Every structure is written in structure tokens, then in C-alpha cells.
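# An overview of the molecular structure
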Amino acid sequence: MNMSEYGKQQMWQGLVNDASTKGARLSVTDGINELASLPLSNPMQSSIVGGKLTFNTITKALVLRSGTPTTAILIIGSASALNLVVGVDLILDKPSVQAGGYLNIQALSITI
């Protein structure tokens, strides 16, 4: 399948619209346990261009559990929408986190 630019734009816009009405958060995990939960702004995107969804700045979050973040799940409402890979889809400010500290996301964008 080869999706047109219009199709990519519409796919991302549908996801963004859903997040705007239902609320969205990013659950950062070590592959098993949630380490931090970061609420996303409304709207969550700063741009959608050429099949690339770039997110607005995400506020730092309190770390709930110590560990090494490996994955993040974009949750819209109560549904898991996307599984993301730390170091590929999102860049964190440190390789491991400690409970009681803060987690910052330096960059988050996804391309289809």
C-alpha cells in the first residue's frame, strides 16, 4: 500500500480530533510497568506535514516508578492508540528515571 499525502494528513487529523474530544496522555513504560504518565495538550500537535505528526511541548511529569524507559503508549480516552519506541519516536532527557524525579520529553514526532 502506498498512502497519498492527503491520506496521511487525514489519518493524523482523525487521531488528533479524537484526542481533542476524549483527552490524551502518554504512558512511558519499561516494557511492563508504567514509569510516568504525561498528559498531552489540546491540541496535541504543533504540525502535520508530509505524513509527520509533530507534538506540542509536553510538560514534564513526576516519575512514579524507577526504571529504564523503553516504550511509550499514546492513550486516547481509554484506548491505546499507538505504541512508540523510546530513542526512535520520542527522545527523553535521560536514559533511566528515578521515582520522585521528573521525566522530560525533548522531542516527539511520528512519521507514516
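Details of the structure are given in the entry above.
Small disclaimer: the values here were computed from a predicted structure and weren't measured.

Definitions and limits used
- Residues numbered from 1 in each chain as written.
- Predicted model: local features only at pLDDT ≥ 70, side-chain atom pairs only at ≥ 80, totals over all residues.
- Heavy atoms only, no water.
- Pairing = 2+ DSSP bridges.
- Helix = DSSP H or I, 4+ residues; strand = E, 2+ residues; numbered from the N terminus.
- Axes fitted to C-alpha atoms, helices over the stretch in contact; angles between N-to-C directions.
- Contact = heavy atoms within 4.5 Å.
- Expected span 1.5 Å × (residues − 1).
- Buried < 20%, exposed > 50% of the residue type's maximum accessible area, 1.4 Å probe, protein only.
- Arc of directions from axis to C-beta.

Strand order across the open sheet formed by four strands is β2-β1-β6-β7, with antiparallel pairing between neighbours. The open sheet is flanked by β2 (34–39) and β7 (79–85), the only strands paired with a single partner. Ignoring which end each strand starts from, the neighbouring axes of this sheet average 25 degrees apart. Against the sheet, helix α1 (residues 5–22) touches β1 (24–29), β6 (71–76) and β7, its axis set at about 70 degrees to β6.

Between its first and last C-alpha atoms α1 spans 26 Å; for 18 residues at 1.5 Å apiece the expected length is 26 Å, and the two agree. Every buried residue belonging to α1 is among K8, W12, L15, V16 and A19, and all of these are buried. Viewed end-on, α1 has its buried residues packed into an arc of 95 degrees, placing them on one side of the element. Facing away from the buried side of α1 by more than 90 degrees, the exposed set consists of Y6, T21 and K22. Residues of α1 that are buried sit in contact with β1, β3 (45–49), β4 (52–55), β6, β7 and β10 (105–111). In the stretch just after α1, G23 is the one whose phi turns positive, near 85 degrees.

The values reported here are purely geometric and, on their own, carry no functional implication.
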